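Working through the structure, step by step
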Amino acid sequence: MSNIVVFGAGGTAGSRITAEAVERGHRVTAAVRRPEATSYLPAGVRTVTGDATSVRSVRNLAEDADVFVVAIGGGDRTLWRDAAQTLVNTLRELPDPPRVIHVGGGATLLTPKDTPYLNEPDFPAEYRDSAQGQADALAVYRSAADGVTWTYVSPPPLEFHPGERTGHYRTGTDHPVTDAQGRSVLTYEDLAVAIVDEIESPRFPNARFTAAY
C-alpha cells in the first residue's frame, strides 16, 4: 500500500487515477483547488486544498506521501512548467521525498522524423500553448539534479479519450505505441491502470513513457 497524493484529482485524468488507486487498496489524498466540488470521488479519499505550484503546499503534502501524481490542467502555458519546477526545487531539499509521476502531453512525443508532434505545421493552433507548456515541464524534469525521482507519462498524441477499462496496454518511451494500422489509441481508464502499475512496480524512473493498445 502506498500513500499517494493526486494533484488535480478532480479532473478527467486525475479522477480516474484516484479511483484506480483506491480500488487497488492505496491511500489517496486528492489535492484540488475546490475540495467542495469533488463529492464524486470514491469513499475513503482524503480531500484537501492543494496546489502543485505552491512550495508550502508541496512541502506539507510531502510529509506522509510516497508518490505525487501531477494530473493538473486548466491553466495557461506556464502552469505545467511552474509545477514541475516547484516540485523539483522543493522535493530535492527533503530527506525522503516522494516520487513524482507527471501526467504530460502526447504532443511532446516524437514523430517518425524524431521531432515533437507539437512542431508539426498542421498541429492545431488552439492546443499549441498547452502542448508547449507540457514540453517545458518535461524539460524541467530532464534537467533536474539528483534528489528527485520522476516519471513523465505521455498519452497518445491524438486518440486519447474516456472509455472502457481493459487493463491491457503496451508501453514505449519517446515515440507513440502504434497498432498494425499505425494508430495509437488509449482510454483515460487504461492510462490510470498504467500509472498505478508504475507506482506499484516502477519501470521508468527519471524517464518518460507512453502507453497505448
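For the chain, the name recorded in an unreviewed UniProt entry is NAD(P)-binding domain-containing protein, with Micromonospora kangleipakensis as its organism.

1. Quick notes on the overall build of the chain
Assigned secondary structure in the chain consists of five helices and ten strands. On C-alpha atoms alone, the chain measures out to a radius of gyration of 16 Å, which is about the 17 Å that the 2.2 N^0.38 rule sets for 213 residues. Projected onto its principal axes, the C-alpha positions of the chain cover 45 × 35 × 30 Å. With 213 residues in all, the chain has 49% of them scored as buried. Considering only contacts in the chain between residues 6 or more positions apart, those separated by 24 or more positions represent 72%. Split by element, the accessible area of the chain, about 10,200 Å² in all, is 47% carbon and sulfur. One finds the centroid of the 20 positive side-chain charges in the chain at a distance of 2 Å from the centroid of its 27 negative side-chain charges.

2. A word on the pattern of salt bridges
By the definition in use, this model includes 13 salt bridges. Two residues, Arg77 and Asp136, come together in a salt bridge whose shortest N-O distance is 3.7 Å. In this pair, Arg77 sits in the loop between β4 (67-70) and α3 (78-91) while Asp136 sits in helix α4 (residues 128-142), placing the two residues 59 residues apart along the sequence. The closest approach of N and O atoms between Asp174 and Arg208, which form a salt bridge, is 2.8 Å.

3. Overview of the nonpolar core
Nonpolar side chains tend to gather and get buried jointly when the protein is soluble and globular. Residues Val69 and Ile195 are the most contacted members of the largest nonpolar core, which totals 29 residues. Mapped by element, the contributors of at least two residues to this core are β1 (3-7), α1 (12-23), β2 (27-32), β4, β5 (99-103), α5 (188-200) and β10 (207-212). Counting residues per element, this core draws most heavily on α5, which supplies seven residues. Among residues more than four places away in sequence, those in contact with Val69 are Ile4, Val5, Val6, Phe7, Ile17, Ile101, Val103 and Ile199. One finds Leu61, Ala83, Ala137 and Trp150 within the second-largest nonpolar core, a separate group that totals 27 residues.

4. Notes on the sheet that holds strand β3 (residues 46-49)
Spatial ordering of the open sheet is given by β3-β2-β1-β4-β5-β6-β10-β8, a layout of eight strands whose pairing is mixed. Looking at the sheet topology across the chains shown, the edges are occupied by β3 and β8 (170-172). Pairs of neighbouring strands in the sheet enclose a mean axial angle of 25°, with direction left out of account. Helix-sheet contacts for helix α2 (residues 55-62) involve β1, β2, β3 and β4, and the interaxial angle to β1 is about 160°. Set on the sheet, α4 makes contact with β5, β6 (150-154) and β10; between it and β6 the angle comes to about 155°.

5. Some points on the UniProt feature "domain: NAD(P)-binding" (unreviewed entry) in the chain
The UniProt record marks residues 8-202 with the feature "domain: NAD(P)-binding" (unreviewed entry), using the residue numbering of this structure. As annotated, residues 8-202 comprises 32% helix and 17% strand, and the C-alpha atoms at either end are separated by 22 Å.

6. Some remarks on the packing of aromatic side chains
According to the stated counting rule, one finds four aromatic pairs in the structure shown. Summarising the aromatic geometry, the rings of Phe204 and Phe209 are spaced 4.6 Å apart at their centres and angled 20° between planes, so their arrangement reads as stacked. For the pair shown, Phe204 and Phe209 are each scored as buried.

Scoring rules and cut-offs
Residues numbered from 1 in each chain as written. Predicted model: local features only at pLDDT ≥ 70, side-chain atom pairs only at ≥ 80, totals over all residues. Heavy atoms only, no water. Helix = DSSP H or I, 4+ residues; strand = E, 2+ residues; numbered from the N terminus. Rg over C-alpha atoms; globule rule 2.2 N^0.38 Å. Buried < 20%, exposed > 50% of the residue type's maximum accessible area, 1.4 Å probe, protein only. Contact = heavy atoms within 4.5 Å. Areas by Shrake-Rupley, 256 points an atom, 1.4 Å probe, with all protein chains shown as cover. Lys, Arg positive; Asp, Glu negative; His and termini not counted. Charge placed at Lys NZ, Arg CZ, Asp CG, Glu CD. Salt bridge = Lys/Arg side-chain N within 4 Å of Asp/Glu carboxyl O. Core = buried A, V, L, I, M, F, W, Y, C linked by side-chain atoms within 4.5 Å. Pairing = 2+ DSSP bridges. Axes fitted to C-alpha atoms, helices over the stretch in contact; angles between N-to-C directions. UniProt positions renumbered as here; feature names shortened; annotations may be inferred. Phe/Tyr/Trp six-rings, centres within 6.5 Å; stacked < 30°, edge-to-face > 60°.

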